[in-house]
Amino acid sequence: MDRVSSFDEPLKKLLGGATAKVMAEHLDLHTVGDLLHHYPRRYEERGKLTALADLPLDEHVTVVAQVADARILMFNNGRGKRLEVTLTDGSGRLQLVFFGHGVHKPHKELLPGRQAMFAGKVSVFNRKMQLAHPTYQLLDASDADEATEAVDAFAGRLLPIYPACKQLDSWRIAKAVDAVLPSAQDAVDPLPVSLREGRGFTPLPEALLKVHRPQTKADIEDAKARLKWDEAFVLQVALARRRYADTQLPAVARRPVEGGLLDAFDAKLPFTLTEGQEKVSKEIFDDLATEHPMHRLLQGEVGSGKTMVALRAMLTVVDAGGQAAMLAPTEVLAQQHHRSITEMMGELAEGGMLGGSDQGTKVVLLTGSMGAAARRQALLDLVTGEAGIVIGTHALIEDKVQFHDLGLVVVDEQHRFGVEQRDALRSKGKQPPHLLVMTATPIPRTVAMTVFGDLETSVLDQLPAGRSPIASHVVPAKDKPHFLARAWERVREEVENGHQAYVVCPRIGDEAEEDGKGAKKAKAKKAAPDEDPEKRPPLAVLEVADELRKGALAGLSVEVLYGRMHPDEKDDVMRRFAAGDVDVLVATTVIEVGVNVPNATAMVIMDADRFGVSQLHQLRGRVGRGSAPGLCLLVSEAHEASPARARLSAVAATLDGFELSRIDLEQRREGDVLGQAQSGVRSSLRMLTVIDDEEVIAAAREEAVAIVAADPELEHLPELRTVLAALLDKEREEYLDKG
């Protein structure tokens, strides 16, 4: 068997069809290599038993414990029988229950004093924790030789506990691993020898043996250090090659022009740029002046002035004879950007128009719902080059849209293009345009290095002068209803002082139109006093607005805004809110990014526990944008001791987005950050945790950059090429591109 193929061997050849099918369907393991990279989650030690006192409810657990007693009970007038077994481990007790025909075997085997491993889902019956019909494996055996062997195997080793599923217990996975472990010898080692020896890493076959069958705790540490490094390194090589490939693409250098549009714009700014804005602008201008495309990620707190930095980059490109396109995720945001950019530029945005500046250019808006005539004019302005700047939604990528000379694409908020979209936009430039991706979601450094690893990163961490502090408080609506009443009084006070407020809800509440009965059902089903708030439907914009108009905010002008409204209606509401004609805007998260109304000082977020940490931080950034201080009230019915409340308290305690993104990441772990489970990179990260392994990722990135610079095609590293090819099959390649 050659070196690669034993890893590619389908599991059904070695384990049989039934086991292989369960592994494929429930654990996404298909080949010998997949199973060898399915690492134990933790290890049990002989005598160090899982604390029965700390078992999590409703979770699938594996415990090692001793049988304290076992008894058969009859019910249904003797027609039914059940076996009840009590386990103990010194920290607590746990009941097992077996019914019907399932009682015979355990009744014979689970005798007092016997020790075994048990797996099942923890439930509560009669106020006692129990496992119903658990699977189990005895840790001693009746045959003396076998008993010694089993005890030795168990006593002498750390027992691996694998990520398992209901259909396949940890120890069955362990047996399957035993069957494929000899193939570990055929592992293709991706690390160049000099790197492996220089850093003192264990060879890969040995690391695989040690992680699955460690003799000592030092074995586990050795194996983990090696396997983490491999994951970080292979991924960083993939990203370094992508960055290298980008530097090989041609682009038109766009250098600043003295006395041009940018200088005219800077001259009329009523304030000075922050140090951070100056520094980041310089990084961007340096990139734009090179003859290969810029690929830069600009991250900055809500309100740190990213739009200003992006606009100055766009003006530089216009000065250099090119055009710039800004892509926004929603129509509301595209319109908002268009409005704020034309306001900031004034007569400079009216090039070619009466009263416009000679140095000016045209700034056009392009969205899917524009009227035919306006759309035709916008397309014409783009193809002739009359419009130097276009702001739009995904409508910009359509075939019909042609540019005179596209030089820069700015992507706002959460939207990294897929391969197809990037290619579609690239094809609109005579040569690939420069790319600037902006996000207001602070991204921890390690995530930036993994998820956005093909982009250079700039960070804006100072708030411009004139931004006000935001006070945040949790309002426990269930425990203290008078706090909620006080929240509405505070909103009233803000309005009386000449300010405005947002109320954010997780749902629209017009489901009635979709299924004919949704909203009525939702309205009818108010949560019972002792009911878990998770069980009731989330609060809805239309209902909350209605209740506020009739009750707590009667007499104030209360309007609604949500994504499915007609674009003209949305625009009308936003305009009136911005003009101060609307006191309170009840909205969905459609206001999350980019909406800028400096006079809005208060925000009440209903069912705040149903939003993520980063999302709450983004929403909160909509207030305190003027000279008056901001107020954000996080309303929740979650129990005081719940993780949801802990999350809200964390948001209330700090305005530092980077700190919050770290908390968010720790709570969600990597799952959501690196995309769903089927994404290539996520499935390639089995040992590495993006939060805890910052040094590993940073060091691996450095090594990867050096290796790719010296040998871009990896001609002298065939093993690394082989492993990369396995990581970057079609789906994963695409995932990396999309981020």
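Scroll up to find the structure.
As the structure is a computational prediction, the values presented were derived from the model and not from experiment.

Novice: Please explain the overall build of the protein chain as it appears in this structure.
Specialist: Within the protein chain, the regular secondary structure consists of 29 helices and 21 strands. Across the 739 residues that make up the protein chain, the buried fraction comes to 53%. Considering only residue pairs separated by 6 or more positions, the protein chain has 73% of its internal contacts joining residues 24 or more positions apart. As presented, the protein chain carries roughly 32800 Å² of accessible surface, and 51% of it is formed by carbon and sulfur atoms.

Novice: Is there a simple way to think about the sheet that holds strand β10 (residues 323–327) in this case?
Specialist: Each strand in a sheet pairs with another by means of backbone hydrogen bonds, the pair being arranged parallel or else antiparallel. The parallel open sheet is built from 7 strands, whose spatial order is β11-β12-β10-β13-β14-β9-β15. Unpaired on one side and paired on the other, β11 (362–366) and β15 (456–460) mark the two borders of the sheet. With strand direction ignored, the average angle separating the axes of adjacent strands in the sheet is 20°. Pairing of β11 with strand β12 (residues 387–392) involves 5 bridges; the strand directions are parallel. When the sheet's bridge partners are listed, K362 is paired in β12 with A387.

Novice: Whenever I open this one, the packing of aromatic side chains confuses me. Can you help?
Specialist: Geometrically, a pair of aromatic rings is defined through the distance of the ring centres and the angle of the planes. Applying the stated criterion across every chain yields a total of 5 aromatic pairs. On the basis of an interplanar angle of 15° and a centroid distance of 6.4 Å, the ring pair of W229 and F233 is categorised as stacked. Here the residue W229 and the residue F233 both occupy positions in helix α10 (residues 217–248), the gap between them amounting to 4 residues, near one helical turn. Among the residues examined, W229 registers a relative accessible area of 3% and is labelled buried. Judged by its relative accessible area of 0%, F233 is buried. Their ring planes at 55° and their centres at 5.1 Å tell us that Y502 and F577 sit as a pair that is tilted. Here Y502, found in strand β17 (residues 500–504), pairs with F577, found in helix α22 (residues 567–578); they are 75 residues apart in sequence, far enough to count as distant. Here Y502 and F577 have matching classes, each one buried. Among the aromatic residues, ring-to-ring pairing joins F98, F118 and Y136 into one connected group.

Novice: What am I meant to see in the sheet that holds strand β18 (residues 558–561) here?
Specialist: With parallel pairing, the 6 strands of this open sheet are ordered in space as β16-β21-β20-β17-β19-β18. A single partner strand is all that each edge strand has here, and the edge strands are β16 (470–476) and β18. Across this sheet, the average inter-strand angle for adjacent strands is 20°, counted without regard to direction. Two strands pair when backbone bridges link them, and β18 and strand β19 (residues 584–587) are joined in this way by 4 bridges, in the parallel orientation. Residue pairing in the sheet places V558 in a bridge with V584 of β19.

Novice: When you look at the nonpolar core in this model, what are you seeing that I'm missing?
Specialist: Soluble globular proteins tend to bury their nonpolar side chains together. Counting 58 residues, the largest nonpolar core has Y502, V503, L561, V584, V586, I591 and I605 as its most contacted members. In contact with V584, not counting residues within four places along its chain, are V491, V495, A501, V503, L553, L556, S557, V558 and E559. If you look at the next biggest cluster of nonpolar residues, it comprises 39 residues, including M308, M314, V363 and I389.

Novice: Got a minute to help me understand the packing of helix α23 (residues 613–620) against helix α24 (residues 643–653) in this structure?
Specialist: When two helices pack together, their arrangement is given by the angle between the helix axes and by the axis-to-axis distance. Two numbers describe how α23 lies on α24: the axes approach to 10 Å, and their chain directions differ by 40°. Viewed along their axes, α23 and α24 form a crossing whose handedness is right-handed. Contacts between α23 and α24 involve V613, L616 and R620 from the first element and R647, L648, V651 and A652 from the second. In the contact of α23 with α24, the residues fall into 5 nonpolar, no polar and 2 charged.

Novice: Before we go on, may I ask you to explain the packing of α10 against helix α27 (residues 694–710) in this structure?
Specialist: Relative to each other, α10 and α27 sit at 45°, their axes nearing to 8 Å. The angle between the axes of α10 and α27 places the two elements in the oblique class. Note on packing geometry: the crossing formed by α10 with α27 is right-handed. Taken together, the residues of α27 that come into contact with α10 (itself represented by K228, W229, A232, F233, Q236, V237, A240, R241, R243 and Y244) are V696, I697, A699, A700, R701, E703, A704, V705, I707 and V708. Within the contact of α10 with α27, the residues separate by chemical class into 14 nonpolar, 1 polar and 5 charged.

Reading guide: rules and limits
- Residues numbered from 1 in each chain as written.
- Predicted model: local features only at pLDDT ≥ 70, side-chain atom pairs only at ≥ 80, totals over all residues.
- Heavy atoms only, no water.
- Helix = DSSP H or I, 4+ residues; strand = E, 2+ residues; numbered from the N terminus.
- Buried < 20%, exposed > 50% of the residue type's maximum accessible area, 1.4 Å probe, protein only.
- Contact = heavy atoms within 4.5 Å.
- Areas by Shrake-Rupley, 256 points an atom, 1.4 Å probe, with all protein chains shown as cover.
- Pairing = 2+ DSSP bridges.
- Axes fitted to C-alpha atoms, helices over the stretch in contact; angles between N-to-C directions.
- Phe/Tyr/Trp six-rings, centres within 6.5 Å; stacked < 30°, edge-to-face > 60°.
- Core = buried A, V, L, I, M, F, W, Y, C linked by side-chain atoms within 4.5 Å.
- Left-handed = near helix turned anticlockwise from the far one by under 90°.
- Nonpolar A, V, L, I, M, F, W, Y, C, P; charged D, E, K, R; others polar.
- Parallel < 35°, antiparallel > 145°, perpendicular 65-115°, else oblique.

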